[in-house]
Structure formats: C-alpha cells, structure tokens
Amino acid sequence: MKAVRIDDYNTAPVIRDIATPEIGPEDVLVRVGAAALNPLDVKLQSGVLQGYFPLEFRYTMGSDISGMIEDVGANVIGWQKGDKVIARLDPVAGGAFAGFACVPANYLVKLTEDMPLEVAAGIPTAAGTAWQVLFEMGDLGVGQTVLIHAGAGGVGSFAIQFARAAGARVIATASGDGIDIARTLGADQVIDYRHADFAEMLSDIDLVIDSIGGETQQKSFGVLRSGGRLLSLVAPPDEALAHAHNVNAQFVFHMSDGERLARVVSAIHENKVKVLIDRTVPIDQFGDAFTRQASGRARGKIIVTMV
C-alpha cells in the first residue's frame, strides 16, 4: 500500500510502498478513504514536540481518518467489514496517510451513509479539540462570550459553530477572506487583526481560545473578566500573567477519545455544523498539501484522499 512517511525529524515526507499493517485482537483494519492534515502534523515532522510526542522512524504520518472497515480483530464486538467509520489515531503511532490503517476498536465512530468520507476526515482532531476547549475545559454556557482566535482555521471554524449552537456570544479574529468565512459560520463579531487591535476593543470575555500564541496570547489576558479562562492550543500560557489578571490559563493537549468523538459527530448532525474544507488533494500531491498546512494560511481543513 502507499503511505506517507518521514525518515527522521525535519525530513521531507515521502510516499513509499509498505506492507499492509497487521491488526491485533482489539483492533480493526480500516481501508482509508481520506485523511486530514493538522497543525500537529507539521510540528511532529519538525521535531519541536519530540519531548511530548517521540516518534519511531520510519514514521507513517497522520492521525485523522475516514474509511471502511476491511477486517476486525478476534476480540472486537460491534463492528464488521463494510462499516463506514472515522477515527483519530494516536499521533505517536500515526498511520493515517496510508491505504490501510490499524485502529483500536474503541477509537472508532460510525458514520451515516450520507456523509462523504472526504468531509468526515476533517472532523476528528479539529472538531474534537473545539469541543474539548469549549465545553469540557472552558465550561461555556448560554449567554457567555467567547473570543476565538483564527476563526477561519480548522479548530476555529468548528468552535464558532459549536459555541453559537450552545447559545454563547461569539467573537472571532480573522483576516482577508477569513473575515467573511467567520461571519458566515456564525460569529457575532469578527475583528480583522491586521487592521484593528482586539485588546483595545474587548473586555469582560468569559473564555479565550488561543491557537496563535506569542503576542496574541499575551494580549488576550487583558480582555478576560476576573475569573475567566484562557485555553491555548499552541503554547503554555504565562502563569505570572494569569495570576496578575486573576484568570485561569491552561495549555491543551487533545487526546484521542472515541466517546468524545461520538458526541462531536452527533452534535455536528444535530446542529448542521459545516466542515470547512480548504482543499482536497490525492495522496500523490501530499507534498503540496503539507506545504499549504505549514504555511498557516489554510481556511479550514486540508483533506488527502487515498484513491
């Protein structure tokens, strides 16, 4: 089968022919229809996170997949060949950008027949992270206000829609065509960060979702109400600043969780949440897709098809 692999940190991804993975008694073999890139893939390839996510080489990249079950392990109950599924693999294990993937059965979530695999692949990490930060860690509720940085990005695009569905007021930062995208997704207010300083415009925010870091993260402390929360997806927040502003701040690690993913998929159906897709490319064009992901300019998800 084809697989996208790296031979070491900071080496270019290469498409290779490798053996189909063998599954254990608790696993299923999924014929991958599509897989999605995430910012984490770029960080893993660069080696900047090797202290948290040590990889074994050669490493098959990717964690977000959609596809059809091809085979089931001896102890697997409730799944059968032909089931249409999505899953988020353990990033250290990888294996998404390949013709087949070995997936622990408890990572799987069943898809409805009407959801295209190319769309479904964009859900696991981005939507799961948005759900985790908004509701499990951010405790966002009706009438509260959330500031979502990079509202036209993968996590941001889901976070806007989930927050609106929960009855929260949504403010997003964006630029260029991302401004209209964030508005279309349901943001009540969109700030063009290239021409306006959100820190001078906002106050008394209940929750900030930071996917940018640096100066943006530091300025975000000042817009929170006393006791508010800042949740960062990119860098550990400054504890001294959090204490000075009397707010709670945490660095978020998104972990693979089949039960959460099932709730997310259900919420996407119930609330007609859109999966924002930047582009869809075949596996043979993975290099271009990876460059686009690394640029930080993707609007939503970049999908790679295995056919």
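About the cut-offs
Residues numbered from 1 in each chain as written. Predicted model: local features only at pLDDT ≥ 70, side-chain atom pairs only at ≥ 80, totals over all residues. Heavy atoms only, no water. Phe/Tyr/Trp six-rings, centres within 6.5 Å; stacked < 30°, edge-to-face > 60°. Helix = DSSP H or I, 4+ residues; strand = E, 2+ residues; numbered from the N terminus. Buried < 20%, exposed > 50% of the residue type's maximum accessible area, 1.4 Å probe, protein only. Contact = heavy atoms within 4.5 Å. Pairing = 2+ DSSP bridges. Axes fitted to C-alpha atoms, helices over the stretch in contact; angles between N-to-C directions. Parallel < 35°, antiparallel > 145°, perpendicular 65-115°, else oblique. Nonpolar A, V, L, I, M, F, W, Y, C, P; charged D, E, K, R; others polar. Salt bridge = Lys/Arg side-chain N within 4 Å of Asp/Glu carboxyl O. Core = buried A, V, L, I, M, F, W, Y, C linked by side-chain atoms within 4.5 Å.

Let's shift gears to the packing of aromatic side chains. In total, this model carries nine aromatic pairs according to the counting rule given. Ring geometry for Phe286 against Phe290: centres 6.0 Å apart, planes inclined by 25°, an arrangement best described as stacked. Within this pair, Phe286 and its partner Phe290 are both found in helix H10 (residues 286-295), separated by four residues, close to a single helical turn. Both residues of the pair, Phe286 and Phe290, belong to the buried class. Three or more aromatic residues link up through ring pairs in this structure, and these residues are Tyr52, Phe53, Phe251 and Phe253.

To continue, consider helix H1 (residues 39-46). What H1 keeps buried is the set Leu40, Asp41, Val42, Leu44 and Gln45. Close packing links the buried residues of H1 with strand E1 (2-6), strand E3 (27-36), strand E4 (59-60), strand E6 (84-88) and H10. Gly47 occupies a position one or two residues after H1 and carries a positive phi of about 90°.

Attention shifts here to the sheet that holds strand E2 (residues 14-17). Across a sheet, strands are paired by hydrogen bonds formed along the backbone, either parallel or antiparallel in direction. Pairing within the open sheet is antiparallel, and its three strands lie in the order E2-E1-E4. The open sheet terminates on both sides in strands that have one partner only, identified here as E2 and E4. Of the pairings in the sheet, the one linking E1 to E2 comprises four bridges and is antiparallel in character. The partner of Arg5 across the bridge, within E2, is Val14.

Our next topic: the packing of H1 against H10. The interhelical angle for the contact between H1 and H10, taken along N-to-C directions, is 100°, at an axis separation of 9 Å. With respect to their mutual orientation, H1 and H10 come out roughly perpendicular. The residues of H10 that touch H1, namely those facing Pro39, Asp41, Val42 and Gln45, are Phe290, Gln293 and Ala294. Of the residues that constitute the contact of H1 with H10, the class distribution is four nonpolar, two polar and one charged.

The tally for this structure, following the rule as stated, stands at 15 salt bridges. A salt bridge links Glu136 to Arg260; the shortest N-O distance between them is 2.9 Å. In this pair, Glu136 is assigned in helix H3 (residues 124-137) and Arg260 in helix H9 (residues 258-270), connecting sequence segments 124 residues apart. In this structure Glu136 comes out as partly exposed when scored by relative accessible area, which is 37%. Residue Asp180 pairs with Arg183 through a salt bridge whose shortest N-O separation is 3.5 Å.

This brings us to the nonpolar core. Of all hydrophobic cores here, the largest spans 46 residues; its most connected members are Ile123, Leu134, Val146, Phe158, Phe162, Ile209 and Ile268. For this core, the elements supplying multiple residues, two or more each, are helix H2 (117-120), H3, strand E9 (145-148), helix H4 (154-165), strand E10 (169-174), helix H5 (178-185), strand E12 (205-210) and H9. If you look at the next biggest cluster of nonpolar residues, it comprises 38 residues, including Ile6, Val42, Phe97 and Ala298.

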